[in-house]
Amino acid sequence: MQDVRARPSVRAQFRRIFQDPILTVALIGSVIFVGLTIILPLLSMVGASVSTEGAEKLTNYIGSPVYQTIISNTLVMGVVVGAVGTLVGFLFAFVQVKLDVPFKRFMHIMALLPVISPPFAVATATIVLFGRSGMISRGVFGVRYDIYGLDGLTLALSLSLFTVAYLNLKGMMEALDPALDEASANLGAGKFRTFFRVTLPMLIPGIASSFLLIFVESIADLGNPLVLGGNYEVLATRIYVSVIGLYDTTAAAVLSVILLVPSLTVFMVQRYWVSRANVVSVTGKPSGRPDTIKFPPVRWGLFGVVMFLCLLILLIYGTIFHGAFVQVPGVRNEFTLSHFDFVINGIGAEAMQDTTLLSIVATPLAGLIGMVVAFLVVRKEFLGRQALDFGVMLGIAVPGTIIGIGYVLSFNSPITATLPILGEITLLPKLTGGQGLLGGALAIVIVYVIRSTPAALRTGTAALSQIDPAIEEASISLGADNARTFRRITLPLIRPAFLAGLIFAFARSMTTISAVVFLTTPQTKIMTQQILNEVENGRYGNAFAYCVILIGIVMLAIGIMYVLVGSRTGAERRIEGGGR
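Everything numeric in this text was worked out from a predicted model, so none of it was measured.

Cut-offs used in this document
- Residues numbered from 1 in each chain as written.
- Predicted model: local features only at pLDDT ≥ 70, side-chain atom pairs only at ≥ 80, totals over all residues.
- Heavy atoms only, no water.
- Phe/Tyr/Trp six-rings, centres within 6.5 Å; stacked < 30°, edge-to-face > 60°.
- Helix = DSSP H or I, 4+ residues; strand = E, 2+ residues; numbered from the N terminus.
- Buried < 20%, exposed > 50% of the residue type's maximum accessible area, 1.4 Å probe, protein only.
- Arc of directions from axis to C-beta.
- Contact = heavy atoms within 4.5 Å.
- Salt bridge = Lys/Arg side-chain N within 4 Å of Asp/Glu carboxyl O.
- Pairing = 2+ DSSP bridges.

## Thoughts on the packing of aromatic side chains
Phase 1: Within this structure, the stated rule accounts for 13 aromatic pairs.
Phase 2: The interplanar angle of 5° and the centroid separation of 6.2 Å between the aromatic rings of Phe-325 and Phe-335 together place this pair among those described as stacked. Here Phe-325 is found in the loop between α13 (296-324) and β1 (326-328), whereas its partner Phe-335 is found in strand β2 (residues 332-335), with 10 residues between them in sequence.
Phase 3: Relative to Phe-411, the ring of Tyr-407 lies with its centre 5.0 Å away and its plane at 65°, an arrangement referred to as edge-to-face. In this pair, Tyr-407 and Phe-411 are both assigned in helix α17 (residues 400-411), 4 residues apart and thus about one turn of the helix distant. Grouping residues by exposure puts Tyr-407 and Phe-411 together as buried.
Phase 4: Members of the aromatic cluster, each reached through a chain of ring pairs, are Phe-14, Phe-18 and Phe-382.

What follows is the structure in structure tokens.
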């Protein structure tokens, strides 16, 4: 039946929100959060790039063959990694959903492992295994293979990022209605024809979305190109060199703008695609279990490919753990605990404490802000809610190196204002650098929050979309205000989404580097920065010890969050408790 209710005017929309003080604070706070922590750094970076010096550098860079090669390398790497990562994620998802094979739980764990590891852990282990003096390449095959360059980056980045495609496509395959396959079979189509004419077209939006997400993540990655790039230079590493090696923030801002163009373009295409290309079956929810493929060559062939990839992932992470306990990984394999002694009792202790503490502070903030913005976007109608959603998502769409450059340009000096009577007052103190507020720790926490909030927003939006608003309307009709309704009704119902947001926020905060590499100070050390230093100096054992401890901290934190938050909704808890 057609909805004939009149759409409230813009003034009426905001009047409804401003009648509730809690909603008012939530909306204004969300807008300030986006404007101050995301938009302002981006504007500062763009402003530096269009200055007289910046415009001159931009002209030189675009016309320079060297920089044209760097830009080309970046785009080629993004396309290749996007294609390979999506293919690997598709194979893992297909085997999980469509094949009746053993070891599915093992495959699922292997697919999730890259999420909780540092971004360049895979790259470092790849060098030890397949480098010029690698344990496999030279130790087994006697070949001095040069793993540095596009091939090595493709291997490391694809294995690090394919989880995005796996989770996305696995969810889509599980949601497909098996009745479609049955209908196709009843009409005489075989398994292959059904796959290419029915199943695959339904998955095209998910495949395209996965490719675009991996493309953006790969061209924004800094850790892997620094470790494995060799002479294959990309924009992210050139930005890093401009700041760390040349101390030229204007050049870094100009290069960041060049990198921002494909990142934002792909992000907006992905959002447009997802909003326009929703593929649904006419039967609604799945009406049964997916029919599995039993044709032996397909069944065991794909099983063999995915098991090979799982064993490769296991070998890479086994190398990390093995390398943490031997003298020199791949060269001197005598057992030692000296690397852990260096990390725990040496200079690594401070980095470990700082990173864990800052992540603990940022995690609940990111989870809560994500849920509040999701509630505003899904449940409230007001002008600009899509812009608010887009603004929060910029935190993940914009490459981390660009965020870091923007913070250096925006918050390296206090933000002041001159008032008629009070004179000059400080609106925001200096945040970055050793002289920044809390030794630069606050800036790092803010960056952690803005990089993690988009995941909490998306999980919260998906969860709220599945809950009938009549439940919350009933609570308000019974006298509860919006804050009490959100705390007692909404939040318990979206508890699994809240937990997922918290887990992602903590793991992301602990493992990120590109966004904070320019913000670390002598007073505030970060583990990923220390790992990078050890890798650059060839001390792989210390780097692996850092990785093992970091993975252990993340897994311990995930277990604690499961206990504290719980993975079941409030309704499920009441059912299991007998409705009390």
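There's more to say after this.
## A look at helix α1 (residues 10-18)
Phase 1: Listed in full, the buried residues belonging to α1 are Ala-12, Gln-13 and Ile-17. Along the axis of α1, the buried residues cluster in a sector spanning 140°; they form a single face.
Phase 2: Elements in contact with the buried residues of α1: α2 (21-49).

## What to know about the pattern of salt bridges
Phase 1: One pass over the full model with this rule turns up 8 salt bridges.
Phase 2: Measuring nitrogen to oxygen at the nearest pair gives 2.7 Å for the salt bridge that ties Arg-539 to Glu-534.
Phase 3: Using a relative accessible area of 3% as the deciding quantity, one classes Glu-534 as buried.

## Comments concerning the side chain of Asn-542
Phase 1: The topology assignment puts Asn-542 in helix α23 (residues 540-565).
Phase 2: In this view, Asn-542 contacts His-339, Phe-342, Val-343 and Glu-534; residues no more than four positions away in its chain are not counted.

## Side note on the pairing of strand β4 (residues 423-428)
Phase 1: For β4, the buried fraction is low: 0 of the 6 residues fall into the buried class.
Phase 2: Here strand β3 (residues 415-419) runs beside β4; their pairing, made up of 5 bridges, is antiparallel. Paired with Leu-419 across the strands is Gly-423, a residue of β4.
Phase 3: The hairpin formed by β3 and β4 contains 3 residues between the paired strands.

## What to know about the side chain of Thr-194
Phase 1: Structurally, the position occupied by Thr-194 is in helix α9 (residues 191-220).
Phase 2: In this structure Thr-194 touches Asp-181, Ser-184, Ala-189 and Thr-199, once residues within four positions along its chain are discounted.

None of this, on its own, says anything about what the molecule does.
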